[in-house]
Structures are given as C-alpha cells and as structure tokens.
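Analysis of the macromolecular model
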Amino acid sequence: MGLTALDDVSFNVREGEVHAVIGPNGAGKTTLFNIISGVQVPTSGSVSLRSVGDLSKVPLNQRPSIGMMRTFQNIRLFGTMTALENVLLGATCRSNGSVLSRAFGFPKARASERDAVAEAYRLLERVGLAEAALTPAHSLSYGAQRRLEIARALAATPRILMLDEPAAGMNDGERHTLADLISSLQMDGITILIVEHDMPFINRLSDQITVLNFGKLIASGTPEVVCRHPTVIEAYLGSEYAEAQHA
Ligand SMILES: Nc1ncnc2c1ncn2[C@@H]1O[C@H](COP(=O)(O)OP(=O)(O)OP(=O)(O)O)[C@@H](O)[C@H]1O
Ligand SMILES: [Mg+2]
C-alpha cells in the first residue's frame, strides 16, 4: 500500500469563480490538480463537470474539447520552439484537425493558419510577451515561461483554467501583472482553479479557498473565513500571519 496523497477530499467550484487550493508542501495540491485534469486516476471517488457529468469517462486528450486546460508546477514548454510556436500548439489542442488540408496548402487552410497566428500574437500580447514571440521558450525568464504556459492554455479557449503555482519565481511587479491578468480572465467568464503559496496574491484574487493538509481537506470558504480558521492558522498560515492580518 503506497502513500495516500488525497483522502476524502470533496468540494464544489462554482462557474466563474476564482477558487484557490492552498496548503503546505506535500499537502496534495498538485495531485488534486492531476486528478481533476485527468493526468492521474483516483483509486476511488470522482470528478464531475455539470455540463459533461463524470469526467473519468473523458480521456486526457479530449479535456481541451470540454474546455479544461491547465499549466504545470514544473513548466512543460517545448524549449527549443519559439513562444509563438508553443502558443500555436495550444490552439491545435482544440482545432478539428485540418492537418491534411494544411499540408496541401489549400487556400482556406492557409487563411485559417493566418488567423491562428494572429490569435497567438494577441494572446502573447495579453500575457506581455508579444516582443518575445520569436524567442525560443528556454531563453525566456522563469516568470515569462510561466506566462507563456498561460498563453498556450488560453489558445485552446478554456472555460476552466487550472494554474499550479503560476506566481512561483516571479518578482513583485510580475506578480502584480499576473494578478491583473487572472482577474481579466475571470471577467471573460473563465472559471479559475489556482494553487499558490503567496497569500496576499491569493486573498486578492480568490472568491473561495480550499485548504489541504496531509491529503485532507481542513477548511473551505471565503478568504476571510479561511484565514481566520484556527486549523488553517496552525497547519499553514502560522500565528504571526494571522496576527498581522488583524493588527
Ligand atoms: N510521483 C510521485 N510518487 C510518489 N509520491 C509522490 C509523487 N508525487 C507526489 N508524491 C507525494 O504525494 C504527496 C502529495 O504531493 P503533491 O505534489 O500533490 O503536493 P503539493 O501540495 O502539490 O506540494 P507542493 O506545495 O510542494 O507543490 C506528497 O507526500 C508527495 O511526496
Ligand atoms: Mg504542487
């Protein structure tokens, strides 16, 4: 019997909200994202999406078509490809596969390719990377790579976007810009699930927070409720944080 990474975790995410998942290192946050996004299969339990039902019946490669996209804690870009090419790949996740017509250079396909490139540039601009469009992904700063992963996910026009520690390795200015970007995505109607350790960042953005500790859900609610929760303060936030909040 291996380690139980998640145990009896149950919560709801409402359409259109920013829902954070927080907790100490090793609490199971990434495992939870892996299960919701279909990367890992739970030994029991289920994940369901109102419009689709039980997601265990939706294979990983069909997740983009139900509008679910994610980024990874350990960045997964194609390093030698340019930023633009990485975003274009995100778009192909959801396209209906006109690969053959592209290969034969049919005019309609060429037009759709031009549209795709224009859209990719628009997304790069949205994440502040327009000028890096032709730069190989591995040459970008860590923070820029994280923003590129978001642009790539957005290229598949998600309705649900899952971000695993998107602010990690970013400086204050980058974090601020990222928070503005996430707010604007919410305004566009995208439901956002986010794992982050930066509490001011999380409190500013989140409608709801779910807290994990050792694979168990220890609290769930608004930032105000969760940040005053004694178990959350004990397990994660620390009494100094709580006192500073209410000073
Ligand atoms: N591939 C793996 N094989 C074995 N154990 C793993 C693996 N991945 C994660 N774990 C274990 O599962 C538990 C949950 O890990 P998980 O990565 O989900 O935590 P996390 O909350 O995302 O942590 P962090 O804040 O460090 O990213 C931890 O005890 C971890 O050591
Ligand atoms: Mg993690």
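Here is what the cut-offs are and how they apply
Residues numbered from 1 in each chain as written. Chains lettered and ligands numbered in written order. Predicted model: local features only at pLDDT ≥ 70, side-chain atom pairs only at ≥ 80, totals over all residues. Heavy atoms only, no water. Domains from an automatic or database assignment. Contact = heavy atoms within 4.5 Å. Buried area = accessible area lost by both parts, 1.4 Å probe. Salt bridge = Lys/Arg side-chain N within 4 Å of Asp/Glu carboxyl O. Polar contact = N/O pair within 3.5 Å; in protein donor to acceptor, adjacent residues only side chain to side chain. Helix = DSSP H or I, 4+ residues; strand = E, 2+ residues; numbered from the N terminus. Nonpolar A, V, L, I, M, F, W, Y, C, P; charged D, E, K, R; others polar. Near = heavy atom within 4 Å. Areas by Shrake-Rupley, 256 points an atom, 1.4 Å probe, with all protein chains shown as cover. Phe/Tyr/Trp six-rings, centres within 6.5 Å; stacked < 30°, edge-to-face > 60°. Lys NZ or Arg CZ within 6 Å of the ring centre and 35° of its normal.

1. Let's talk about the domain arrangement of the protein
Under the domain assignment, the protein is made up of domain 1 (1-67 + 158-247) and domain 2 (76-156). Domain 1 and domain 2 are separated by 26 Å when their C-alpha centres are compared. Of the residues lining the interface, 19 residues belong to domain 1; the matching set on domain 2 comes to 14 residues. Carbon and sulfur atoms supply 64% of the area buried between domain 1 and domain 2, which totals about 1300 Å² over both sides. The three residues of domain 1 that bury the most area against domain 2 are P64, P158 and L181, which together make up 33% of that side's buried surface. Summed over the shared surface of domain 1 and domain 2, the number is 2 salt bridges. Here R147 and E174 are joined by a salt bridge, their closest N and O atoms 3.7 Å apart. Applying the counting criterion to the domain 1 and domain 2 interface returns 4 residue pairs in polar contact (both at pLDDT 80 or more). Counting residues per element, the ones that place at least two in the side of domain 1 that touches domain 2 are β5 (160-164) and α6 (172-187). Top contributing element to the side of domain 1 that touches domain 2 by residue count: α6, with 5 residues. Within the side of domain 1 that touches domain 2, the residues separate by chemical class into 11 nonpolar, 4 polar and 4 charged.

2. Examining the site of ligand 1
Taken together, 13 residues lie around ligand 1, and G26, K29, T30, T31 and Q73 are the ones closest in. Within the contact set of ligand 1, an oxygen atom lies 3.2 Å away from a backbone nitrogen or oxygen of A27. Take T31: an N or O atom from its side chain is 2.5 Å from an oxygen atom of ligand 1. Protein chains shield 53% of the accessible area of ligand 1, which is 630 Å² for the free molecule. Residues belonging to the shell around ligand 1 are distributed by class as follows: 4 nonpolar, 7 polar and 2 charged.

3. Some thoughts on the packing of aromatic side chains
Summed over all chains, the structure comprises 0 aromatic pairs. The ring of F72 has R76 lying over it, and the distance from NZ or CZ to the ring centre is 3.9 Å.

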